[in-house]
Each structure stands twice: as structure tokens, then as C-alpha cells.
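Residue-level structural notes
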Amino acid sequence: MKTLELYADPACPWSWLAVRWLTAVAPQRGLRLTFRSFSLWMRDGSDQAPGVPEFVRAAAVAASKESVRVLRVFEALRDAGRADAIERLYLEWGSRVFVPGPPQAPAPAVLLEALAAAGLDAFWAEAADDPRWDAALESSNAALAALTFGTPVVPTLVDGRQVLFGGAVLSAPVTPADGLVVWDALEILTSEPSFVGFSTAGLPMPSFAQ
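I will try to describe carefully the structure that is included in this document. (Residues numbered from 1 in each chain as written. Predicted model: local features only at pLDDT ≥ 70, side-chain atom pairs only at ≥ 80, totals over all residues. Heavy atoms only, no water.)

**Focus on the pattern of salt bridges**
Pairing between side chains of opposite charge can happen when the charged atoms of each approach one another. Defined as follows: Think of a salt bridge as a Lys or Arg side-chain nitrogen and an Asp or Glu carboxyl oxygen that are within 4 Å of each other. Every helix listed is a DSSP run of H or I at least four residues long, and every strand listed is a run of E at least two residues long, numbered separately from the N terminus. Throughout this description, buried means an accessible area under 20% of the type-specific maximum (1.4 Å probe, protein chains only), exposed means over 50%, and partly exposed covers the range between.
Within the structure shown, the criterion is met by eleven salt bridges. Linking K2 and E187 is a salt bridge whose minimum nitrogen-to-oxygen distance equals 2.7 Å. One end of the pair, K2, is in strand β1 (residues 2–8); the other, E187, is in helix α7 (residues 176–190), with 185 residues separating them in the sequence. With a relative accessible area of 22%, K2 lands in the partly exposed category. In this structure E187 comes out as partly exposed when scored by relative accessible area, which is 27%. Connected via shared salt-bridge partners are E66, R69 and D129.

**Regarding the packing of helix α1 (residues 13–29) against helix α4 (residues 86–97)**
Just so we agree on the cut-off: In this description, a line fitted to the C-alpha atoms serves as the axis of each element, helices being fitted only across the stretch in contact, and the angle between N-to-C directions of two axes falls anywhere from 0 to 180 degrees. For classification purposes, an angle smaller than 35 degrees is called roughly parallel, one larger than 145 roughly antiparallel, one from 65 to 115 roughly perpendicular, and anything else oblique. Here a crossing is called left-handed whenever its near helix is offset anticlockwise from the far helix by less than a right angle, and right-handed whenever the offset is clockwise. Pairs of residues are marked as contacts when any of their non-hydrogen atoms sit within 4.5 Å. Classes in brief: Ala, Val, Leu, Ile, Met, Phe, Trp, Tyr, Cys and Pro nonpolar; Asp, Glu, Lys and Arg charged; the others, Gly included, polar.
Packing of α1 against α4 leaves a shortest axis separation of 11 Å and a crossing angle of 125°. Taken together, α1 and α4 sit at an angle that is classed as oblique. Crossing geometry of α1 relative to α4 is assigned as left-handed. Counted together, S15, W16, V19 and T23 of α1 and E87, Y90, L91, G94 and S95 of α4 form the full contact between these two elements. Residues that form the contact of α1 with α4 fall into these classes: four nonpolar, four polar and one charged.

**Notes on the packing of aromatic side chains**
For the record, the criterion: For Phe, Tyr and Trp, where Trp contributes only its six-membered ring, two rings pair if their centres lie within 6.5 Å, and the inter-plane angle classes them as stacked under 30 degrees, edge-to-face over 60, or tilted in between.
Summed over the entire model, instances satisfying the criterion amount to six aromatic pairs. For the pair W16 and Y90, a centre-to-centre distance of 6.3 Å together with 15° between the ring planes defines the contact as stacked. A residue pair is termed long-range when its members are at least 10 positions apart, and W16 in helix α1 and Y90 in helix α4 qualify at 74 residues. The burial state of W16 is the same as that of Y90; both residues are buried.

Here's what the structure looks like:
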């Protein structure tokens, strides 16, 4: 069994695409998913790439601020031994936020809807506005920064070798069948010990010996 550590920002559409893909693949390929918190807002603030339209920038900033509230709930669940519920909450949140049409900032009520749909009591929403969880978020952000850049999916192989996939892994949803093809292709790549993934820190020195 392989453990996949998913550093995923609830405000990041590319994270959402990767999560949708991997949660569909996991049961059919014996994968164990572990969600780790990551916040682009805590890392970058309101900075956006040059040329981004103002309405997109404003929506992204507002969504990122709201995603910090969601991540605090994730950390509260983890602290209470309910890490198994994070995936359900993430999926319910994302299905309400990443919908067709122009980007819009999620309203605070979306978190309550997602909690209910995930089978979680509304009292968990109290953690969303409790800054005492921010230290855990900052620690998780720092752990990712020590590995790579962006919001990657980090597959950790069962033998302990780590392969990092940084940034946008997918740009659009894939069908369940195509998702398995993509995963199986990655399995072939990661079976090669010299493969270093799309982005990684501490690259091994190249060797040209046959």
C-alpha cells in the first residue's frame, strides 16, 4: 500500500482537481490518503500573478481567506482524532465551491453546509474562527516549503522513497477510467529509482554511469 500525503489548499482549483482524481483512484489501487493543511493566503497574502483580472484576484483572495477557516476545522478534527473526516469535509466543500462559471468567493455558510453533508456536527464550525489553530497551519506550510513549491500531491512510497508532484497536476476533471490510466502511468514512472518527480527540493547529484 502507498500513502499519499496531500498538501491541498481548499481555495486552490488545481488542488481540488487532484483531490477529486486521487479520491476516485484510491479505493481501486489500494492507496491511503492523508490530508495535510496548506494555505496560499498564509504564504503569499494577496499577491497574484501579473495580468490576473481584478475580479478574479478579488475572488481568489476572498476564497483564500475563507479557506483558512476551513483549514482550522481540519486541524481541530485532526487534534480530536477525527482525521478520517477531513477527506469527506474537503470533498463536500469543494463540490460547492468549484462549480462552472466565473470564480466566486464562497460564503461562510458554505462551511456549515459542507459540515452537515459530511455528517459532522455544526459545532466544528467554531474552530473556523479560532486562531489557536493557526500555529498548526503555519507548521504544515513550513513542512511543505521545506520540500518543494506550490500545492503538490506528495506520494510517499511504501519503501519510504518520496516523489513530489508540485503545482498543477491536472488542469481539468478526468473520468474514472482516465484517472486510473494517469495513476498507473505515474506508478510506472515512480518505480524507477532515479525518477525525481515534477518538483523536488534537495535533488540528488546527477550520475552518468551506466
